[in-house]
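# Secondary and tertiary structure notes
Chain by chain, the residues:
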Amino acid sequence: MANFPESSTTTCDHCDRAIPTPNFELHYAHCVRNLERCSICGDMVPKRHAEEHYASTHAPVACSLCSEKVERDVLTLHKDEKCPQRIVICEYCEFPLPAVDLLKHQELCGNRTEYCENCRKYVRLRERSSHEIQCCSASNGLDTDAAESSREGRVPAREQGARRGQGQDASKRRLIVTIAITGIAVVIGSFILQRRNQNQPPQ
Ligand SMILES: [Zn+2]
Ligand SMILES: [Zn+2]
Ligand SMILES: [Zn+2]
Ligand SMILES: [Zn+2]
Ligand SMILES: [Zn+2]
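Residues numbered from 1 in each chain as written. Chains lettered and ligands numbered in written order. Predicted model: local features only at pLDDT ≥ 70, side-chain atom pairs only at ≥ 80, totals over all residues. Heavy atoms only, no water.

Within the first shell, the zinc ion (ligand 5) binds the protein through C116 (SG), C119 (SG), H131 (NE2) and C135 (SG), at distances of 1.9 to 2.3 Å. Relative to the metal, the four donor atoms surrounding the zinc ion (ligand 5) lie at angles of 103 to 112°, and the coordination shape comes out tetrahedral. Summarised as a motif, the one-chain spacing of the donors to the zinc ion (ligand 5) is C-x2-C-x11-H-x3-C. Neither C116 nor C119 differs from the other in exposure class; each is buried. (Donors = N, O, S within 2.8 Å, 3.2 Å for Na, K, Ca; no water. Tetrahedral: all angles 85-135°; square planar, octahedral: opposite > 155°, others 65-115°. Buried < 20%, exposed > 50% of the residue type's maximum accessible area, 1.4 Å probe, protein only.)

What follows is the structure in structure tokens.
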């Protein structure tokens with residue numbers, strides 16, 4: 001077997017590598033006896049290290065936050081977006097807390113009220129953004145103001161601090177009015193946004 005040119009190679013059908021032909025027989029015997037192809041990554045791995053290779057490269061790992069076993073390639077995704085123990089921020093109070101507690105927390109937190117200086121009403125935090133659209137449009141001179149005051153009148157200043165002490169009836173009526181106004185606000189809000197978008201020249 002002596003006449004092969006120096007540069008000639010033969011492909012090993014076990015590992016698919018091109019082996020210099022003079023070394024081929026030696027390589028092939030060694031390759032078949034000692035190496036196997038990892039069924040996951042396709043690398044050739046020493047047979048006696050196959051388990052080690054799987055454990056250190058492919059085995060699911062425990063999430064350091066919730067200790068659930070997670071596939072390696074989705075671990076980052078899990079920690080950033082799925083892990084129940086990842087830290088998220090409450091959109092109402094901006095307090096950081098584990099994601100698993102967020103829903104319960106926001107149910108309470110969003111029900112808290114905040115005093116709106118603009119219209120002098122207490123607004124639920126969960127309704128704050130739609131309320132702000134309405135409040136802004138009212139103070140910009142659109143005619144929601146008239147419609148609103150004919151419906152319920154202005155809230156006298158002395159009532160502002162006494163919200164918790166009001167009777168059932170008054171607060172029920174106020175709730176209904178609030179819901180109605182919120183509905184109007186959403187409609188007006190989207191109308192304004194639409195108009196704004198139409199009027200704006202392309203940037
Ligand atoms: Zn080989
Ligand atoms: Zn592998
Ligand atoms: Zn986790
Ligand atoms: Zn909160
Ligand atoms: Zn307001």
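After that view, the rundown keeps rolling.
Turning next to the coordination of the zinc ion (ligand 4). Distances from the zinc ion (ligand 4) to its protein donors, namely C90 (SG), C93 (SG), H105 (NE2) and C109 (SG), fall within the range 2.1 to 2.3 Å. If you look at the zinc ion (ligand 4), its four donor atoms make angles of 103 to 115° with each other, and the shape they trace is tetrahedral. Written as a sequence motif, the donor residues of the zinc ion (ligand 4) are C-x2-C-x11-H-x3-C. A relative accessible area of 0% places C90 in the buried class.

Looking now at the nonpolar core. Residues V88, C90, Y92, L97, A99, L102, C109 and L125 constitute the largest nonpolar core, which totals eight residues. Ignoring sequence-local partners within four residues, the contact set of C90 consists of F95, L97, L102, H105, Q106 and C109. (Core = buried A, V, L, I, M, F, W, Y, C linked by side-chain atoms within 4.5 Å. Contact = heavy atoms within 4.5 Å.)

Our next topic: the pattern of salt bridges. Applying the stated criterion across every chain, the model contains two salt bridges. Notably, a salt bridge pairs R37 with D16, separated by 3.5 Å at the nearest N-O pair. Within this pair, whereas R37 is found in strand β3 (residues 35–37), its partner D16 is found in the loop between β1 (9–11) and β2 (18–20), the two being separated by 21 residues in sequence. Under the relative-accessibility criterion, D16 is labelled exposed at 56%. (Salt bridge = Lys/Arg side-chain N within 4 Å of Asp/Glu carboxyl O. Helix = DSSP H or I, 4+ residues; strand = E, 2+ residues; numbered from the N terminus.)

Averaged over every residue, the pLDDT of the protein chain is 79; the share at 70 or more is 65%. Predicted confidence for residues 142–167 stays below pLDDT 50, and this span has 29 contacts to residues more than four positions away or in other chains. (pLDDT = per-residue confidence, 0-100.)

Phi angles above zero are rare outside glycine, and D16 is one such case at about 65°. Backbone geometry at S67 places phi at a positive 55°, although glycine is not the residue there. For S67, the position within the fold is in the loop between β5 (61–62) and β6 (69–70). Here S67 falls in the exposed class, since its relative accessible area comes to 56%.

A few words now on the environment of E25. For E25, the position within the fold is in helix α1 (residues 24–34). Given a relative accessible area of 58%, E25 falls into the exposed group. Along the backbone, E25 and T10 are 15 residues apart, and their C-alpha atoms lie at a distance of 9.8 Å.

Taken together, the buried positions of helix α4 (residues 99–109) are occupied by A99, L102, Q106 and C109. For α4, the buried positions fall inside an angular range of 65° around the axis, keeping them on one side. In α4, the exposed residues that point more than 90 degrees away from the buried face are L103, K104, E107 and L108. (Arc of directions from axis to C-beta.)

Inspection of the sheet shows strand β9 (residues 113–116) paired to strand β10 (residues 121–124) by four bridges, in the antiparallel sense. The residue of β10 that forms the bridge with E114 is V123. Counting the residues in the hairpin turn of β9 and β10 gives four residues, including R120, whose phi is positive at 60°. (Pairing = 2+ DSSP bridges.)

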